[in-house]
Amino acid sequence: MKYCIITFGCQANKSDSEKIASFLEKNGLQKTSEKEADFVVINSCSVRQSAVDRMEAKIREIKKRKKPPVTALTGCVLQKDKKKLKPFFDYMLPEKELFPQKIPFLKKGFLKEAPKREKPTAYITIMSGCDNFCSYCVVPYTKGRESSRPAKEVVEEAKKTIKEGYRDIWLLGQNVNSYKGGVKFSNLLREINKIRGDFWVRFTSSHPKDFSSDIISVIKNCKKITNYLHLPVQSGDDEILKKMNRSYTSEQYKKAVNEAKKEIPGLSVSTDIIVGFPGETEKQFHNTVKLVKEIGFDMIYIGRYSPRMQTAAYNMKETVSEEEKRRREKILEELLKESNLEKNKKLVGRKIRVLTTQMTKKNLLSGKTEGYKSVLFKGPKSLIGEFVKIKITGYSSWGLKGKISRK
Ligand code: SF4
C-alpha cells in the first residue's frame, strides 16, 4: 500500500507529519505522490480560513478520482469544520492521538514514533498548545492548553538528531518563551548549545510579552544559536493590539527589538502581521506601516484577517473589505521588498556561511544563511546538508546568489 501526507500550516504540523510518515512506514506503507496514493492523510490547519478552503478544495479533488483513496484527516480542525468535512474522510483523527483508532491496514493503534525527517532540518517540538487566547486565534481551542516536554527529553532528542547529521535544529512551540519543562527556555537553549557538533539552532514562535534580555544574551553568547529571531507583532497600533489581547504595546515591542538589534549585530528579525482586523482604520493600519518602516524586518508573514469560530474576535463586527485587506497586504509587501533589496545589495562581495538545504528544479543548490536568507549557487548534490562558504555575487528582494568560495 502507498501513502501520501498533505500538510497545511506551520512547522509544528510539518513535524507531526514527519511522525505520521515514520509510523506509516513502520506499518509497511510506502511514500508516493498524491496521485498514486492508496491512503491520503491530510494534516490540516484551521488558523486561517484560507487554509481550510484550500484543504476542502484538495479533498474534493482527491475524492473525485475514479478510484478514490482511503482518506484520513488530522491536525488543527475546529468542530464546525470537522462536521462539514466528515463526508470526505474515512477517518477523523484527533489532534493529540494521531492514530488512536483501528485502521484495518495499520497494525498498531497509537502513534509514538520518531519522526521521519529530511536532512538537514530537524524539527523538535518542545511544547504544544497555548494559554494566551489572542482574540483572533483558534490554537487554544484546537491544540488545547500549554504543555511542555521535559528538558531532558528535548536535549536527548537534540543530541540524537545532531549525531545523525542534522544541522538545522528548530525548536517548536506556540510560545517557546513560556517553556516550562523543568528549566527556563534560555537555559534549554544553553544546554543544546553545549552539544558537540557543527549545527545551528532556531526557535519559533516567541511572544513579545515573554521575550526577555536573557534570550538576547543567549543568542549573543551561544555560537550555535542563530542570530535569527521570529517575533510576531501582529499590529503596530496599540488599540488593535489591545483588541487582539496581545498584552504589549507597539513601544514595548520596538524597545525589545531595538535592544536585541543593538546587542546582536546582524540580527535578522521576522514577524507576523494581520491586516484588516475588525475595526482597523486607515490610521491604525498606518501605525503598522510606521512600525514596519522603523524596524526594517527581514521577513513578514502577512495574514489577511479571517474570523474563526469560537474566538473572541468572531463576534466583532468586520469593517475591512477583502479588497481593502488585499491593498493593505500589498503595501506591506512592497515595503518589505524595498527594504530587503537595500539590505541584500549590501551583502554583495561578502563571504557568508550557508547551510545547503536542497537542489532546485533549475539544478542550483539552495541554502540558508544564519539569518535565514535564501542563497542560490552552483555545486554538487553531495553538498546538501553541509555548511559551505559562499561569496555573494547577486541579489533580489527575496534572496541572494553566489558562488562557492574556497577560502
Ligand atoms: S500566542 Fe496567541 S496567536 Fe500565538 S498560538 Fe497562542 S493564542 Fe494563538
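Moving on: the pairing of strand S17 (residues 387-395). Sheet analysis places strand S14 (residues 351-359) next to S17, joined by 5 bridges and oriented antiparallel. Bridging across to S17, Val354 finds its partner in Val388. As judged from the 5 bridges shared by S17 and strand S18 (residues 400-404), these two strands associate in the antiparallel manner. Paired with Lys391 across the strands is Lys403, a residue of S18.

What follows covers the pattern of salt bridges. Note that side chains of opposite charge can pair when their charged atoms are close. Evaluation of the coordinates by the stated rule reveals 39 salt bridges. The salt bridge involving Arg202 is made with Asp168; its shortest N-O contact spans 3.4 Å. With Arg202 in strand S10 (residues 200-204) and Asp168 in strand S9 (residues 168-172), the pair connects residues that are 34 residues apart, well separated along the chain. On the basis of relative accessible area, Arg202 is assigned to the buried category, the value being 1%. Assessed through its relative accessible area of 5%, Asp168 is described here as buried. A salt bridge links Lys184 to Asp214; the shortest N-O distance between them is 3.0 Å. Of this pair, Lys184 sits in the loop between S9 and helix H6 (185-193) while Asp214 sits in helix H7 (residues 213-221), placing them 30 residues apart in sequence.

The subject of this paragraph is the sheet that holds strand S11 (residues 228-230). The strand order across the open sheet formed by 3 strands is S11-S12-S13, and the pairing between neighbours is parallel. Unpaired on one side and paired on the other, S11 and strand S13 (299-304) mark the two borders of the sheet. Adjacent strand axes in the sheet meet at a mean angle of 15° when their direction is disregarded. Where strand S12 (residues 268-275) lies against S13, 6 bridges are found, and the strand directions are parallel. Bridging across to S13, Val275 finds its partner in Arg304. Where helix H11 (residues 322-345) meets the sheet, its contacts fall on S12 and S13, and the angle it forms with S13 comes to roughly 175°.

This part is about the site of the ligand. Every residue near the ligand is listed here: Cys130, Asn132, Phe133, Cys134, Tyr136, Cys137, Val139, Pro140, Gln174, His207 and Arg246. Class assignment of the residues belonging to the shell around the ligand gives a composition of 7 nonpolar, 3 polar and 1 charged.

Taken as a whole, H6 has its buried residues at Phe185, Ser186, Leu188, Leu189, Ile192 and Asn193. The arc enclosing the buried residues of H6, seen along the axis, measures out at 160°, which places them on a common side. On the buried face of H6, the contacting elements are helix H5 (151-163), S9, S10 and H7.

A cluster of nonpolar residues, Leu341, Val348 and Tyr395, forms a patch on the protein surface that exposes about 240 Å² of accessible area. Within the secondary structure, Leu341 sits in helix H11. For Leu341, a relative accessible area of 37% puts it in the partly exposed group.

Moving on: the domain arrangement of the protein chain. Segmentation of the protein chain into domains returns domain 1 (2-92), domain 2 (121-345) and domain 3 (351-404). If you average the C-alpha positions of domain 2 and of domain 3, the two centres end up 25 Å apart. Taken together, both faces of the contact between domain 2 and domain 3 bury some 1800 Å²; the carbon and sulfur share is 57%. Of all residues in domain 2, Arg167, Trp200 and Asn344 bury the most surface against domain 3, accounting for 38% of the area lost on that side. In this structure, the connection of domain 2 to domain 3 is made through 3 salt bridges. Applying the counting rule to domain 2 against domain 3 returns 10 residue pairs in polar contact (both at pLDDT 80 or more).

Thresholds, definitions, all that
- Residues numbered from 1 in each chain as written.
- Predicted model: local features only at pLDDT ≥ 70, side-chain atom pairs only at ≥ 80, totals over all residues.
- Heavy atoms only, no water.
- Pairing = 2+ DSSP bridges.
- Helix = DSSP H or I, 4+ residues; strand = E, 2+ residues; numbered from the N terminus.
- Salt bridge = Lys/Arg side-chain N within 4 Å of Asp/Glu carboxyl O.
- Buried < 20%, exposed > 50% of the residue type's maximum accessible area, 1.4 Å probe, protein only.
- Axes fitted to C-alpha atoms, helices over the stretch in contact; angles between N-to-C directions.
- Contact = heavy atoms within 4.5 Å.
- Near = heavy atom within 4 Å.
- Nonpolar A, V, L, I, M, F, W, Y, C, P; charged D, E, K, R; others polar.
- Arc of directions from axis to C-beta.
- Patch = residues over 30% accessible without salt bridge, like charges linked within 9 Å, V, L, I, M, F, W, Y side chains within 5 Å.
- Areas by Shrake-Rupley, 256 points an atom, 1.4 Å probe, with all protein chains shown as cover.
- Domains from an automatic or database assignment.
- Buried area = accessible area lost by both parts, 1.4 Å probe.
- Polar contact = N/O pair within 3.5 Å; in protein donor to acceptor, adjacent residues only side chain to side chain.

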